[in-house]
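Structural overview for review
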Amino acid sequence: MKNLLIYYNPKGKFMPVKDSPTDYEALTKIQIDNSLNLGWRKEDIVFATNFPYEYSSVKSYVVGDGKYEVYDGNRSSKLPMICEMFRNGAIGDDVYWFHDHDAYQLQPFAEIDMEGVDILYTDHGWTSMWNAGSFFFKKGARDIFERSNEIMYGRHLNEQTAFMELLAENPEIEKRCRKINVTYNFTIYYHVKTYPTVDKPLMVAHFQAQKPRHLALYRPLVPERFLKLLNSHGIK
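The paragraphs below set out a description of the structure included in this document. (Residues numbered from 1 in each chain as written. Predicted model: local features only at pLDDT ≥ 70, side-chain atom pairs only at ≥ 80, totals over all residues. Heavy atoms only, no water.)

So, on to unusual backbone geometry. Geometrically, the link from Lys200 to Pro201 is a cis peptide bond, its omega value of 0° lying close to zero. Its place among the elements puts Pro201 in the loop between α6 (191-194) and β10 (204-206). Of note, Ser56 is a non-glycine position whose phi angle comes to about 50°, a positive value. Inspection of the secondary structure assignment puts Ser56 in the loop between β3 (54-55) and β4 (58-62). Phi is positive for Ser57, which is not a glycine, with a value near 70°. Looking at the element boundaries, Ser57 is found in the loop between β3 and β4. (Helix = DSSP H or I, 4+ residues; strand = E, 2+ residues; numbered from the N terminus.)

Moving on: the environment of Phe86. In this fold, Phe86 is placed in helix α2 (residues 78-87). Along the sequence, Phe86 and Phe145 sit 59 residues apart, while their C-alpha atoms lie 9.5 Å from each other. The residues touching Phe86, leaving out its near neighbours within four places in the chain, are Ile91, Phe137, Lys138, Lys139, Ala141, Arg142 and Phe145. (Contact = heavy atoms within 4.5 Å.)

So, about α2. For the α-helix, the turn length of 3.6 residues means that residues three or four positions removed from each other point alike. Burial analysis of α2 places 9 of its 10 residues in the buried class, the great majority of the element. Residues Lys78, Leu79, Pro80, Met81, Ile82, Cys83, Glu84, Met85 and Phe86 constitute the buried set of α2. Among the residues trailing α2, Gly89 stands out with phi positive, at a value near 75°. (Buried < 20%, exposed > 50% of the residue type's maximum accessible area, 1.4 Å probe, protein only.)

In short, the description is geometric, and any link to function would need to be established separately.
Here you go:
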């Protein structure tokens, strides 16, 4: 399995996280350290970005210039960058786990069953909308990403809405995608409703750890070793 993290910025460098003293380099380091602590091999951690970078012997996969450079608050660079990786032959035969910088793996994953499907995704827990912050995919999903990307740009939608519209309009594609439990993408909203539905132990906590309110909410839910990791990177 490959562990895929994506960061793009038109200035070709890490920038501060909005409304936070933390920058994306710090979050990248936390993600890499956390993955190594959970047993990921360095060669299986893929950090795709548009500038050279290396941390703990994990080197960035530099994606060249492309249409993914045109994005705004309603669109994301993750779909176009994954599409560019497909075009470059950078997506192999492995299962890929993509996750945002604020989606933190808490436990080692058991074998991920993707028999008969190309994408595994979660909803938000309180709505059936795809949550694009953490999902699994195989090489066969190329056309799904490409068509979702076309819908995103053509209709000026975000990637989540574009993906859901693609599934609604194409029953055959919907059969190639399977929804999984929100334990793989547990967000900050409506815990009273969502937490009872989560398979335990919690696998992926999707929250902005640099925000005290978020960290206080997740403190009882995450392992002590993860809190120590955050602390080592200046997040108390």
